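Overview (structure and organization)
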Amino acid sequence: MPPLITDSPAIRGGPSWLVEMREAARAHFEQVGLPDASDEAWRYSPIGDLDLERFDLAEGALELSAPPTVLGAAASIVHVTAGRIAPGFEVPAGTVLTTVSDHPEGSMLLGDVASAADALVSLNGAHLDDALVIDIPRGTHLEAPIVVMHHVTSGASFPRTLVRLGDGAEATVIELVVGGAVGTLNVPVTELSVGDGANLRYGSLQLLDHQAWHLASIAARVGRDGTIAQLTA
């Protein structure tokens, strides 16, 4: 694997389990490498043109000045860069929003839905700073959407989002990826976990430069009588 960073997984910080996860993900990606056009899912893609050696890891957290509204006053807007949440966000009452490194169950969450055997999931895990976790408790019905804005810059970025709905919960979550330029590689992973009888409306939209690379992975697990309505663009 051509390293995007030359430091060790430990230098990126975080709890010991997260460091170990990065090390395991990097070792796996070194074995499997990127997919290529011989894989059916990538046959008509330009994946063969992607050269990881072109990219350095994106700079650290941006100084964000979050506007109070983006998609209307009713939406709850969360601004994120490098897995870190910008201050000043508000989420609906009862909803818990945190990072995986601070989550009490964090060591069990990453890869609970997304397969670590997937090359892009491993690439994301090897360079992950942190991940956003949105917990919507059992029986909670959210009227307004939660909008997560991932801000990326030139270089390689690896956002990770975990959305978890308890049994009977209902919510709308929209992820937007903004920023970037010609020299941008964005490899996000989103894990959706929907409990029994829960309903999630999920949207994913990237607004990057047309020459940027955006290789997204979305994995979902749905309980009995649960539903996910998904839009990706």
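Summarised in this report is the structure supplied together with it. (Residues numbered from 1 in each chain as written. Predicted model: local features only at pLDDT ≥ 70, side-chain atom pairs only at ≥ 80, totals over all residues. Heavy atoms only, no water.)

1. Quick look at the pairing of strand β1 (residues 76–81)
On any regular strand, side chains alternate: one points to one face of the sheet, the next to the other face. Within β1, six of the six residues are buried, which leaves it mostly tucked inside the rest of the structure. Both faces of β1 are covered, namely the face carrying Ser76, Val78 and Val80 and the face carrying Ile77, His79 and Thr81. The sheet contact formed by β1 and strand β2 (residues 84–85) spans two bridges and is antiparallel. Following the sheet pairing, Val80 is matched in β2 by Ile85. (Buried < 20%, exposed > 50% of the residue type's maximum accessible area, 1.4 Å probe, protein only. Helix = DSSP H or I, 4+ residues; strand = E, 2+ residues; numbered from the N terminus. Pairing = 2+ DSSP bridges.)

2. A few points about the nonpolar core
The biggest cluster of nonpolar side chains holds 19 residues, and the ones touching the most others in it are Ile134, Ile136, Val163, Leu165 and Leu200. When residues of this core are assigned to their parent elements, the largest contribution, three residues, is made by strand β4 (residues 132–136). Leu165 has contacts with Ile136, Glu170, Ala171, Ser193, Val194, Gly195, Ala198, Asn199 and Leu200, leaving out every residue within four places of it along the chain. In terms of nonpolar packing, the next biggest core, distinct from the first, is built from 15 residues, Ala119, Leu123, Phe158 and Val187 among them. (Core = buried A, V, L, I, M, F, W, Y, C linked by side-chain atoms within 4.5 Å. Contact = heavy atoms within 4.5 Å.)

3. A few points about the packing of helix α1 (residues 16–32) against helix α3 (residues 119–126)
For the pair α1 and α3, the least separation of the axes is 7 Å and the interaxial angle reads 140 degrees. Our classification of the angle between α1 and α3 gives oblique. Two packed elements cross with a definite hand, and for α1 against α3 that hand is left-handed. Where α1 approaches α3, its residues Met21, Arg22, Ala25, Arg26, His28, Phe29 and Val32 are matched on the opposing element by Ala119, Ser122, Leu123, Gly125 and Ala126. Of the residues that constitute the contact of α1 with α3, the class distribution is seven nonpolar, three polar and two charged. (Axes fitted to C-alpha atoms, helices over the stretch in contact; angles between N-to-C directions. Parallel < 35°, antiparallel > 145°, perpendicular 65-115°, else oblique. Left-handed = near helix turned anticlockwise from the far one by under 90°. Nonpolar A, V, L, I, M, F, W, Y, C, P; charged D, E, K, R; others polar.)

4. Quick look at α3
Counting buried positions over the eight residues of α3 gives eight, a clear majority of the element. In this structure, the buried residues of α3 make contact with α1, β7 (160–165), β10 (189–194) and β13 (217–222). Among the residues of α3, the N-terminal cap falls to Asp118, whose side-chain oxygen and the backbone nitrogen of Leu120 are separated by 2.9 Å. (Polar contact = N/O pair within 3.5 Å; in protein donor to acceptor, adjacent residues only side chain to side chain.)

5. Thoughts on the sheet that holds strand β9 (residues 184–186)
Across the sheet, which stays open at both edges, the three strands sit in the order β6-β9-β12 with parallel pairing between neighbours. The sheet is open, and its two edges are formed by β6 (155–157) and β12 (213–214), each paired on a single side. In terms of strand pairing, β6 meets β9 through three bridges, oriented parallel. The partner of Gly155 across the bridge, within β9, is Thr184.

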